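Here are the chains, one letter per residue:
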Amino acid sequence: MENMTNDIRKAVKKQMIDKEVNQTELAKLIGKSRQQVNDVLSGRTGHLGDTWEDIFEALGLELVVKPKERN
């Protein structure tokens, strides 16, 4: 589960770079504190909740679950 969450964090951080949005700007966009955004993106909090949904929406991302590819 942790690897999956790390992959999500990496994808979000890449999108932030691509869109030239920093944590302070993202926090303003989603109505959260910069510390809340930092806690989610750094893994300091396990609480996903609305913060992830708000981040995805602000950055134009969606979370998709699909079956694993089998070798």
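Note that the coordinates shown come from a computational prediction; the quantities given were computed from them, not determined experimentally.

1. Considering the environment of Leu-59
- Its place among the elements puts Leu-59 in helix α4 (residues 49-59).
- As for Leu-59 and Leu-26, which are separated by 33 residues in sequence, their C-alpha atoms are 8.4 Å apart.
- Apart from the residues lying within four places of it in its own chain, the contact partners of Leu-59 are Val-12, Gln-15, Met-16, Lys-19 and Leu-26.

2. Things to note about the pattern of salt bridges
- According to the stated counting rule, one finds 3 salt bridges in the structure shown.
- Of the charged contacts in the structure, one is a salt bridge between Asp-39 and Arg-44, with a shortest N-O distance of 3.2 Å.

3. Structural notes on the nonpolar core
- Grouped together as the largest cluster of nonpolar side chains are 14 residues, with contacts concentrated most on Val-12, Leu-26, Trp-52 and Ile-55.
- In terms of residues, this core owes the most to one element, α4, which gives 4 residues.
- With residues near it in sequence (within four places) discarded, Val-12 still touches Leu-41, Trp-52, Ile-55, Phe-56, Leu-59 and Leu-61.

4. With respect to the confidence of the model for the chain
- When pLDDT is averaged across the chain, the result is 88; 92% of the residues are at 70 or more.
- Across the chain, helix α2 (residues 23-30) holds the top mean pLDDT of 97, while helix α1 (residues 2-18) sits lowest at 88.

5. Here we look at the side chain of Asn-38
- Relative to the assigned elements, Asn-38 resides in helix α3 (residues 34-42).
- On the basis of relative accessibility, which here comes to 15%, the residue Asn-38 falls in the buried class.

Rules behind the numbers
Residues numbered from 1 in each chain as written. Predicted model: local features only at pLDDT ≥ 70, side-chain atom pairs only at ≥ 80, totals over all residues. Heavy atoms only, no water. Helix = DSSP H or I, 4+ residues; strand = E, 2+ residues; numbered from the N terminus. Contact = heavy atoms within 4.5 Å. Salt bridge = Lys/Arg side-chain N within 4 Å of Asp/Glu carboxyl O. Core = buried A, V, L, I, M, F, W, Y, C linked by side-chain atoms within 4.5 Å. Buried < 20%, exposed > 50% of the residue type's maximum accessible area, 1.4 Å probe, protein only. pLDDT = per-residue confidence, 0-100.

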